[in-house]
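# Structural characterization, general
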Amino acid sequence: METSQNIQETLSSNEIMLNLTDLKKVYPTPNGDYVVLEDLNLYVKKEEFITIIGHSGCGKTTMLSMIAGLNEITDGKISILGSSIKGPGPDRGVIFQSPSLMPWMTAMENVMLGVNKVFPHGNKKEREDICKYYLNKVGLSGAFHKKASELSQGMQQRVGIARAFAIKPKVLLLDEPFGMLDSLTRGELQDVLIEIWNKEKITAVMITHDVDEAIFMSDRVVMMTSGPSAKIGDILPIEFERPRSRKKVLAHNDYYEYRKHLINFLEH
Amino acid sequence: MAYLELNNITKNFGTGSDMTEVLDDINLHIEEGEFVAIVGFTGSGKTTLVNLINGLETPTSGEVLFKGKPVEGTSHERGVIFQNYSLLPWLTVYQNVEMAVREAFPNESKDFLDKRIKEYIAMVNLSPAISKRPKELSGGMRQRVSVARALAMDPEMIIMDEPLGALDALTRGNLQDEILNIWNKNKRTALLITNDVDEGIYMADRIIPLKPGPKATLGPEFKINIDRPRDKTLLNDNPEYKKTRNAIIEYLMDIGNERSSNSTIQYELPDLQPRDLRWRA
């Protein structure tokens, strides 16, 4: 199997949005250092949607939070469009597992927080239009002025999606964004997310436990080995055309082959 | 007569204008030895349905019959694994399981009980936490205590309300197998409430969707004609599995599309690019 490094050499550097090189993360513990990630190499192309799967505790979230700039890098490098990241920034939008909204603020105000930061050069109406546009896209046109605390968990996560897209990040980072939702709501929100994504093609890295979600959403599924010293174990390219219809994807002959490959990885 | 029968059940909460009609026209027959899964969604009334069967709630109209007799209150013949774990916070893991086992086996010796408690705690990999109290455990660990407690009672009917939702894939798979083992070995009857279609297909003989409420009712049943024991990896090569799985998922997607209201309002997105705020050294 080709490793990510081999493929990488054939890509010119301006096709790569996000690049992780020889990434290492060590947490000190009373019993000595614990190496979470080691020799982790991964690139993500512009306009690519990748998902990360792996067992609990293998370091997926550690990796994602390092890309987000929320967690220090022990060794190695993370770069976006060739320049190393230094701390968090609005070029990377994050959607967390729990929506992490300000509960006392309305849906609009929550989205506006980020929009104000990255569009200081726009006028008030333009900024409001951005918020309204994305809240409408996620199906919340009737809830602009509802407080976050009054929204169901599914609706809160919709606000989270709107908030992340509204700041037009270069990279979208998603940490099991639908993990806490039931399967029907999960399917609905996958559709909402992928519909906006089809239009904007923001480079995306998503952690998931859900094999079907990974196949439906991504261009490549990246499988991480179990820790300690987790790295990339295997990469499965998903060749379905976009935009994808869930029914067509399910009916496709390759679907259950992909599925078997991923389940096999997770069960062993 | 079926082992468990729900006949024309409706269940409302509140009165007058505050009345919520949760369940409506629920008819379900489960035969002895069957494993039935109900796939439902948040807020559709799944937990209410479970509480009617275990005797914590009574129907507004209709009847729940267990072995031909109306269900009146709870009984250790029907063991429940609750979604919210429902552990007693002041008791340790051991004591939580012990309480249930004592109730189910009042005439057995202390040694028998002790052995049984430890066996089931080991089964859910919690032996190292045996003396801990619930607040010292993670959500997944609490859920495993709840599984151990219900199975240790060896109930005639195992009722599970999203029992494995908070667990990672590996633990989840192991506990699914343990539950199937006990169901199969002791010829028990099982009702599983889940929002995971794959869990349903892997474990059950029949899957019945519960449509979203208010006035939630059961949808058409899907029979799972796949031999046991089932193998999760090999299932992906099984044409019957693919057919059944796609049929259920499509049915659920159609329900979802009915439910979601599409907004007709359109907003214009201003042509504005974000200012590059990245720190540069």
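For clarity, every value in this text was computed on a predicted model and none was experimentally measured. (Residues numbered from 1 in each chain as written. Chains lettered and ligands numbered in written order. Predicted model: local features only at pLDDT ≥ 70, side-chain atom pairs only at ≥ 80, totals over all residues.)

## Remarks on the overall build of chain B
Broken down by element type, chain B carries eight helices and 10 strands. If you line up chain B on its principal axes, its C-alpha atoms span 75 × 60 × 50 Å. Residues classed as buried in chain B amount to 37% of the 281 residues present. Long-range contacts, defined here as pairs at least 24 residues apart, represent 68% of the contacts in chain B between residues at least 6 apart. (Helix = DSSP H or I, 4+ residues; strand = E, 2+ residues; numbered from the N terminus. Buried ≥ 20, exposed ≤ 12 C-beta atoms within 10 Å, placed from the backbone. Contact = placed C-beta atoms within 7 Å.)

## Topic: the sheet that holds strand 4 (residues 75-80) of chain A
Residues and elements named next belong to chain A. If you trace the four strands from one edge of the open sheet to the other, you get 2-1-4-5, paired in antiparallel fashion. The two strands at the open ends of the sheet, each matched to only one other strand, are strand 2 (32-45) and strand 5 (83-84). As paired elements, strand 4 and strand 5 share two bridges and run antiparallel to each other. Looking at strand 5, one finds that Ser79 is bridged to Ser84. (Pairing = 2+ DSSP bridges.)

## Points about the environment of Glu188 of chain A
When you line up the elements, Glu188 of chain A lands in helix 6 (residues 183-200). With 39 residues separating them in the primary sequence, Glu188 of chain A and Gly227 of chain A have C-alpha atoms 33 Å apart.

## Overview of the interface of chain A and chain B
The interface of chain A with chain B comprises 40 residues on the first partner and 34 residues on the second. For the side of chain A that touches chain B, the elements supplying multiple residues, two or more each, are helix 4 (124-137), helix 6, helix 8 (246-251) and helix 9 (255-267) of chain A. Here the residues of the side of chain A that touches chain B are counted per class, giving 13 nonpolar, 14 polar and 13 charged. (Nonpolar A, V, L, I, M, F, W, Y, C, P; charged D, E, K, R; others polar.)

## Brief notes about the pairing of strand 1 (residues 4-13) of chain B
Residue and element names in this part refer to chain B. Bridge count for strand 1 against strand 4 (residues 61-66) is five bridges, and the pairing is antiparallel. Among the inter-strand pairings, Asn7 is bridged to a residue of strand 4, identified as Glu63. The pairing of strand 1 with strand 2 (residues 20-30) spans seven bridges and is antiparallel. If you follow Lys11 over to strand 2, its bridge partner there is Leu23. Here strand 1 folds back onto strand 2 in antiparallel fashion, the turn holding six residues, of which Gly14 has a positive phi close to 80 degrees.

## Quick notes on the environment of Pro128 of chain B
For Pro128 of chain B, the position within the fold is in the loop between helix 3 (110-123) and helix 4 (139-152). Sequence-wise, Pro128 of chain B and Leu269 of chain B are 141 residues apart; in three dimensions their C-alpha atoms are separated by 56 Å.

## As for helix 1 (residues 46-54) of chain B
Note that an α-helix has 3.6 residues per turn; residues three or four places apart therefore point the same way. Listed as buried for helix 1 of chain B are Lys46, Leu49, Val50, Leu52, Ile53 and Asn54 of chain B. Positioned one or two residues after helix 1 of chain B, Gly55 of chain B has a phi angle of 95 degrees, which is positive.

## Brief notes about the sheet that holds strand 6 (residues 78-81) of chain B
The strands making up a sheet associate through backbone hydrogen bonding, with each pair oriented either parallel or antiparallel. Residue and element names in this part refer to chain B. Here we have six strands laid out as an open sheet, ordered 6-7-8-3-9-10, and mixed in their pairing. At either end of the open sheet lies a strand with only one pairing partner, and these are strand 6 and strand 10 (222-223). Strand direction decides the pairing type here: strand 6 and strand 7 (residues 157-161), joined by four bridges, are parallel. Considered in strand 7, the bridge of Ile81 is made with Met160. In this fold helix 4 packs onto strand 6 and strand 7, with an angle of close to 175 degrees to the strand it touches most, strand 6. (Axes fitted to C-alpha atoms, helices over the stretch in contact; angles between N-to-C directions.)

## Focus: the nonpolar core
Taken as a class, soluble globular proteins show a tendency for nonpolar side chains to be buried jointly. Core analysis: the largest hydrophobic core is formed by 79 residues, its most contacted members being Val111 and Val205 of chain A. Per-element tally for this core: the top contributor is helix 5 (residues 153-166) of chain A, with seven residues. Setting aside residues up to four positions removed in sequence, Val111 of chain A forms contacts with Cys131, Tyr134, Leu135, Val159, Ala162, Arg163 and Ala166 of chain A. Counting 70 residues, the second largest nonpolar core, distinct from the first, contains Ile26, Val64, Leu87 and Ile193 of chain B. (Core = buried A, V, L, I, M, F, W, Y, C linked by C-beta atoms within 7 Å.)

## Observations regarding the pairing of strand 8 (residues 189-194) of chain B
All names here are of chain B. Along strand 8, six of the six residues are buried, which leaves the element largely enclosed by surrounding structure. Side chains Thr189, Leu191 and Ile193 project from strand 8 onto one buried face, and the interleaved Ala190, Leu192 and Thr194 project onto a second face that is buried too. Both strand 3 (residues 35-39) and strand 8 contribute to a ladder of five bridges, which runs parallel. Its bridge partner being in strand 8, Ala37 is matched across the sheet by Leu192. The pairing of strand 7 with strand 8 spans five bridges and is classified as parallel. Bridged to Met160 within strand 8 is Leu192. For the segment spanning strand 7, helix 5 (residues 169-185) and strand 8, crossover handedness is right-handed. (Right-handed = clockwise from strand over helix to strand, strands pointing away.)

## Description of the packing of helix 4 of chain A against helix 5 of chain A
Residue and element names in this part refer to chain A. Between helix 4 and helix 5, the shortest axis-to-axis distance is 9 Å and the interhelical angle comes to 135 degrees. Looking at the two axes, helix 4 sits oblique to helix 5. Pair helix 4 / helix 5 crosses with right-handed handedness. Residues Ile130, Cys131, Tyr134, Leu135 and Lys137 of helix 4 form the contact with helix 5, whose participating residues are Ala162, Phe165 and Ala166. Partitioned by chemical class, the residues of the contact of helix 4 with helix 5 number seven nonpolar, no polar and one charged. (Parallel < 35°, antiparallel > 145°, perpendicular 65-115°, else oblique. Left-handed = near helix turned anticlockwise from the far one by under 90°.)

## Observations concerning the packing of helix 2 (residues 93-104) of chain B against helix 3 of chain B
Residues and elements named next belong to chain B. Two elements in contact, helix 2 and helix 3, have axes separated by 10 Å at closest approach and are oriented at 125 degrees. Comparing the axis directions of helix 2 and helix 3 gives the class oblique. Taken as a pair, helix 2 and helix 3 cross one another with a handedness that is right-handed. Counting all contacts with helix 2, which are made through Val93, Tyr94, Val97, Glu98, Val101 and Arg102, the residues of helix 3 involved are Leu113, Arg116, Ile117, Tyr120 and Ile121. Across the contact of helix 2 with helix 3, the residue classes tally to eight nonpolar, no polar and three charged.

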